[in-house]
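Each chain, written out:
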Amino acid sequence: MAGLADVSTDGLIVVDKPGGMTSHDVVARIRRLARTRRVGHGGTLDPMATGVLVIGVGRATRLLTYVIGAGKSYTGTIRLGQTTVTDDAEGDVTATVPAGHVTDDAIRSALAGLSGEVDQVPSAVSAIKIDGQRAYKRVRDGESVELPARRVTISRLAVLAIRRTEPDVVDVDVDVTCSSGTYIRAIARDAGLALGVGGHLTALRRTAVGGFTLAEAATLDELEQRAPDVVNLPLDAAADRFFARREATPDEARVLAHGGPLDPAGLTGPYAVFGPAGGLIAIVSERDGRARAEIVLAPA
């Protein structure tokens, strides 16, 4: 991309990620389409998964730390009766136990027991680092990996359908809303363990990240057609969607743009501060009686 100017607007893109691509693959494609290297994503989706992947371009990459921490929603399919090394369909099957006898009521009860605030052990084949190396790399190198449990919140775990179309396995379609850091394939694994037949995830589609949903997501083919004008939520609009809003006076805008603190406004943070002309200045949080910038986004 040498010699290409940064031509895309700073902002966010809500992408409908296709299956078979990593999140980094999508970032690489957007870099080419937007003609800038300053591109990042707000929360990894496994290659098997599809759906909402929030991409930041230019200065909006600095908002992605907040996007990553937002709650998320998914639809997925759990297959009971088979265990895999990755807890999803991308890994080899390591055990099979006939699951045809498991009742619908038992399935619903097992999943209900996995909702709420729970201590979830992430999949061993995950991007979590152990002593500086990704867990999945250690597993692929033949190591046995045990990750500590993490407290997550699964606020919705609804059974959409229970299907028995193949002998000895049961497919369960679920709708999940959860906190950041939740592994849906760990839910599949744990449901299978609870029922004594094993389980793994065969399909996953992310339907929302925070307030960003599939309804506003664009496919890569659609973005290709309108390149380099690929940003569908410019920086100011993105911040207005994601954060509470505070208006700054001209004096406050000058102080904040140079990293100085403001008097508190009593807003729970972080929140976005906009200047008199409507432009985003900074993301701010209030502590120790002052409103201090977490990140300054006003153009230099």
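Being a predicted model, the structure only gives us computed values, none of them experimental. (Residues numbered from 1 in each chain as written. Predicted model: local features only at pLDDT ≥ 70, side-chain atom pairs only at ≥ 80, totals over all residues. Heavy atoms only, no water.)

### Details of the pattern of salt bridges
The following threshold applies: Each reported salt bridge corresponds to a side-chain nitrogen of Lys or Arg within 4 Å of a carboxyl oxygen of Asp or Glu. Under the DSSP-based scheme used, a helix requires at least four consecutive residues in state H or I and a strand at least two consecutive residues in state E, with every element numbered from the N terminus. Here the term buried applies to any residue with accessible area under 20% of the maximum for its type, exposed to any over 50%, and partly exposed to those in between, with areas from a 1.4 Å probe on protein chains only.
Inspection of every chain in the model, using the stated rule, returns 20 salt bridges. Two residues, Glu-224 and Arg-32, come together in a salt bridge whose shortest N-O distance is 3.2 Å. Remark: Arg-32 occurs in helix H1 (residues 23–34) and Glu-224 occurs in helix H6 (residues 220–226); sequence separation between them is 192 residues. The exposure class of Arg-32 is partly exposed, given its relative accessible area of 45%. Residues Arg-241 and Glu-216 are paired through a salt bridge, measuring 2.8 Å at the closest nitrogen-oxygen approach. Residue Arg-241 is located in helix H7 (residues 235–242), and its partner Glu-216 is located in the loop between strand E13 (212–213) and H6; the two are separated by 25 residues in the primary sequence.

### Some remarks on the nonpolar core
Generally speaking, nonpolar side chains in soluble globular proteins are found buried as a group. Where we set the bar: Only buried residues count toward a nonpolar core, which is a set of Ala, Val, Leu, Ile, Met, Phe, Trp, Tyr and Cys residues joined through side-chain atoms within 4.5 Å. Here, two residues are considered to be in contact whenever any of their heavy atoms come within 4.5 Å of each other.
Core analysis: the biggest nonpolar cluster contains 48 residues, and Ile-30, Ile-55, Leu-111 and Val-172 have the highest contact counts within it. Every residue in contact with Ile-30, bar those within four places of it in the chain, is listed here: Ile-13, Arg-35, Val-39, Ile-55, Val-57, Leu-220 and Leu-223. Counting 24 residues, the second-largest nonpolar core is a separate cluster that includes Val-54, Leu-235, Ala-238 and Ala-272.

### So, unusual backbone geometry
With an omega of 0 degrees, the peptide bond running from Ala-227 to Pro-228 counts as cis. Within the secondary structure layout, Pro-228 lies in the loop between H6 and strand E14 (233–234). Non-glycine residue Arg-35 carries a positive phi angle of around 60 degrees. The topology assignment puts Arg-35 in the loop between H1 and strand E2 (39–41).

### Digging into the UniProt feature "domain: tRNA pseudouridylate synthase B C-terminal" (unreviewed entry) in the chain
What counts is decided by this rule: UniProt positions are given in the numbering used here, feature names are shortened, and annotations may be inferred rather than shown by experiment.
Those places that UniProt annotates as "domain: tRNA pseudouridylate synthase B C-terminal" (unreviewed entry) correspond, in this numbering, to residues 185–225. Structurally, residues 185–225 comprises 41% helix and 32% strand, and the distance from its first C-alpha atom to its last is 34 Å.

### Section: H1
We apply this condition: Given a helix with a known number of residues, its expected span is that number minus one, times 1.5 Å. This arc is taken over the directions from the axis of the helix to the C-beta atoms.
For H1, built from 12 residues, the straight-helix expectation of 16 Å at 1.5 Å per residue is met to within 8% by its first-to-last C-alpha distance of 16 Å. Residues Ser-23, Val-26, Val-27, Ile-30, Leu-33 and Ala-34 constitute the buried set of H1. Across the axial projection of H1, the buried residues extend over an arc of 125 degrees, all falling on one side. Among the residues trailing H1, Arg-35 stands out with phi positive, at a value near 60 degrees.

### Observations regarding the sheet that holds strand E16 (residues 271–274)
What counts, and what does not: Pairing between two strands requires that DSSP report at least two bridges joining them. Axis geometry follows a simple rule: fit a line to the C-alpha atoms, using only the stretch in contact for helices, then measure angles between N-to-C directions, giving values from 0 to 180 degrees.
Spatial ordering of the open sheet is given by E15-E16-E17-E18, a layout of four strands whose pairing is mixed. Both edges of this open sheet fall to strand E15 (244–247) and strand E18 (290–296), since each of them pairs with a single strand only. Neighbour-to-neighbour, the strand axes of this sheet turn through a mean angle of 40 degrees, independent of strand direction. Seen against the sheet, H7 touches E15, E16 and strand E17 (280–287) and runs at an angle of roughly 140 degrees to E16. Across the sheet, helix H8 (residues 250–257) touches E15, E16, E17 and E18, and the angle it forms with E17 is around 85 degrees.

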